Amino acid sequence: MLSQGEAAFRQALRDLARSSGGRQIAPRQTFGKLYVALDDYLTDAAFDPFRTMLRDCILETWPVAAGERVLGEVLPARRLHNPRTAANEIGVSTKLVEQILTDAGALPAGDPRPFALRTFDAAEYAWLLAEIPTLVGRGEMLAAMGPTEAQLRTLREEKIIRPLTRHPRVKAPWRLADGLALVAELHALTQPDPADGSGWEGLQFAKQRTGLPVGAMLNAIRERRMRVVRDPGQSGYRSFMVLKAEVDSLTGARPHVRRRDETTAAGQSASVFANSIGMRRRGWYPALHEAGHAPAFWNRHPVTRRAVLYVSEDDEAKFHRRFLTPATMQSEFGLHRQTCTARLRAAGVRPFSPGGVDFGPLYRRQEAEPVLQKAVGLGRG
């Protein structure tokens with residue numbers, strides 16, 4: 001094999017490593033006398049090239065821990081994990097890690113590899129492993145953010161708060177920080193308490209009465225098109241109330257954009273569209289539009305008569321043909337948004353930033369799509 005050159009020798013080592021089975025990290029057993037000989041003659045420089053090739057093979061095959069010595073060299077940082085090593089490191093069950101990492105695309109579903117070789121990139125998924133021990137169940141989420149059962153169910157169904165995994169066997173899929181962030185955001189937007197409680201209702205009651213999605217009301221609150229106050233007799237998420245008249249006005253105005261002319265389809269406000277694709281920074285879409293990178297048009301709001309920037313259906317389609325955001329990546333490719341951005345980072349794909357202008361985590365589709373398609377393909381392999 002050596003007569004065929006270095007590449008052939010490295011491939012032979014990989015083939016031998018991948019043929020090993022079991023649950024343990026076992027390079028010595030796999031490579032036998034070759035490993036023993038190279039380990040015994042550490043001071044003989046003549047064997048250094050072969051030691052390097054075998055060490056590289058070991059480190060790209062097994063989840064060797066940081067600080068472990070491999071053929072005379074100490075690994076400074078872990079490169080690979082498998083579900084067991086990750087679970088031991090963060091203090092949760094191996095099954096939980098395997099389920100969540102599979103959902104995130106780090107591991108293929110029905111992974112055919114021997115258990116010890118079911119590896120994934122430790123640095124790329126460090127953020128996800130850090131999240132897992134902090135996940136909470138339904139009861140803890142209810143207690144911390146204060147919704148009713150129905151309110152939490154609505155927040156989940158409308159994808160306002162998303163579980164980290166939807167695997168039915170994971171009983172604690174929620175990131176507590178997501179729920180607390182929503183409550184904190186509404187607190188920051190709350191108006192002074194009304195003189196009396198008449199005319200106000202909870203978000204869930206407004207949804208049941210009018211059919212208006214809670215997400216639409218939250219967007220209106222963020223855009224200051226709807227006021228939100230707190231019921232002093234309640235706490236947490238269930239305490240927030242909106243004015244019935246404003247809910248009715250918003251409902252009656254849907255769809256609330258007029259046609260520019262007889263041939264132009266109605267759309268939605270640029271801020272609502274931006275929120276729907278996960279880009280909630282105030283003034284983000286107008287800035288993108290004014291810089292000439294995204295289509296939109298100005299029109300009068302039918303209720304307030306203020307000039308509002310709108311996005312038509314054609315505008316939306318043009319935007320999606322050109323750009324991807326973490327939210328649209330997750331929806332389109334089925335990988336968690338942080339997995340998507342990590343894959344892009346690893347591939348050297350940077351956010352769209354013409355002239356150094358920061359438009360947040362916005363990516364050119366032509367650059368991001370091939371990387372994400374490859375990631376999905378690997379996850380299904």
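If you're wondering where the values come from, they're calculated on a predicted model, not measured in any experiment. (Residues numbered from 1 in each chain as written. Predicted model: local features only at pLDDT ≥ 70, side-chain atom pairs only at ≥ 80, totals over all residues. Heavy atoms only, no water.)

1. Structural notes on the sheet that holds strand β12 (residues 307-311)
Across a sheet, paired strands are connected by hydrogen bonds in the backbone, their directions being either parallel or antiparallel.
So, point 1. Here we have 3 strands laid out as an open sheet, ordered β10-β12-β11, and antiparallel in their pairing. The strands lining the two open edges of the sheet, one partner per strand, are β10 (268-269) and β11 (297-300).
So, point 2. Pairing between β10 and β12: 2 bridges, direction antiparallel. Of the residues in β12, the one forming a bridge with S269 is Y310.
So, point 3. Against the sheet, helix α16 (residues 313-322) makes contact with β10, β11 and β12, and its axis sits at roughly 60° relative to β12, the strand it touches most. (Pairing = 2+ DSSP bridges. Helix = DSSP H or I, 4+ residues; strand = E, 2+ residues; numbered from the N terminus. Contact = heavy atoms within 4.5 Å. Axes fitted to C-alpha atoms, helices over the stretch in contact; angles between N-to-C directions.)

2. Considering the sheet that holds strand β8 (residues 228-230)
So, point 1. With respect to topology, 3 strands assemble into an open sheet ordered β7-β9-β8, the strand pairing being antiparallel. Edge positions in the open sheet fall to β7 (200-202) and β8, since each of these has one partner strand only. Direction aside, the axes of adjacent strands within the sheet are offset by 45° on average.
So, point 2. Across 3 bridges, β7 lies against strand β9 (residues 240-243) in antiparallel orientation. Bridge pairing links G202 to M241 in β9.

3. Observations regarding the packing of helix α10 (residues 176-189) against helix α12 (residues 214-222)
So, point 1. With their axes 10 Å apart at the nearest point, α10 and α12 run at an angle of 45° to one another. Between α10 and α12, the angle falls in the class oblique. For α10 against α12, the interelement crossing comes out left-handed. Residue-level contacts link L182, E185, L186 and L189 of α10 to L218, I221 and R222 of α12.
So, point 2. In terms of residue class, the contact of α10 with α12 is made up of 5 nonpolar, no polar and 2 charged. (Parallel < 35°, antiparallel > 145°, perpendicular 65-115°, else oblique. Left-handed = near helix turned anticlockwise from the far one by under 90°. Nonpolar A, V, L, I, M, F, W, Y, C, P; charged D, E, K, R; others polar.)

4. Side note on the packing of helix α5 (residues 83-90) against helix α6 (residues 94-103)
So, point 1. Here α5 crosses α6 at 115°, and the two axes come no closer than 8 Å. Between α5 and α6, the angle is such that the two are roughly perpendicular. With respect to the hand of their crossing, α5 and α6 are arranged in right-handed fashion. Only T94, V97 and E98 of α6 make contact with α5, whose side of the interface consists of P83, R84, A86, A87 and I90.
So, point 2. Classifying every residue of the contact of α5 with α6 by side-chain character gives 5 nonpolar, 1 polar and 2 charged.

5. A few points about the pattern of salt bridges
So, point 1. Scanning the model with the defined rule gives 19 salt bridges in all.
So, point 2. The salt bridge partner of R175 is D178, with a shortest N-O separation of 3.2 Å.
So, point 3. Among the salt bridges present, the one from D358 reaches R281, with a minimum N-O distance of 3.7 Å. Taken together, the residues D358 in the loop between α18 (337-346) and β14 (363-364) and R281 in the loop between α14 (270-276) and α15 (284-290) connect sequence positions 77 residues apart.
So, point 4. Relative accessible area serves as the criterion here: at 52%, D358 is assigned to the exposed category.
So, point 5. Shared partners join several salt bridges into a network, and the residues in it are E131, R175 and D178. (Salt bridge = Lys/Arg side-chain N within 4 Å of Asp/Glu carboxyl O. Buried < 20%, exposed > 50% of the residue type's maximum accessible area, 1.4 Å probe, protein only.)

Any functional reading would require information beyond the geometric quantities listed.
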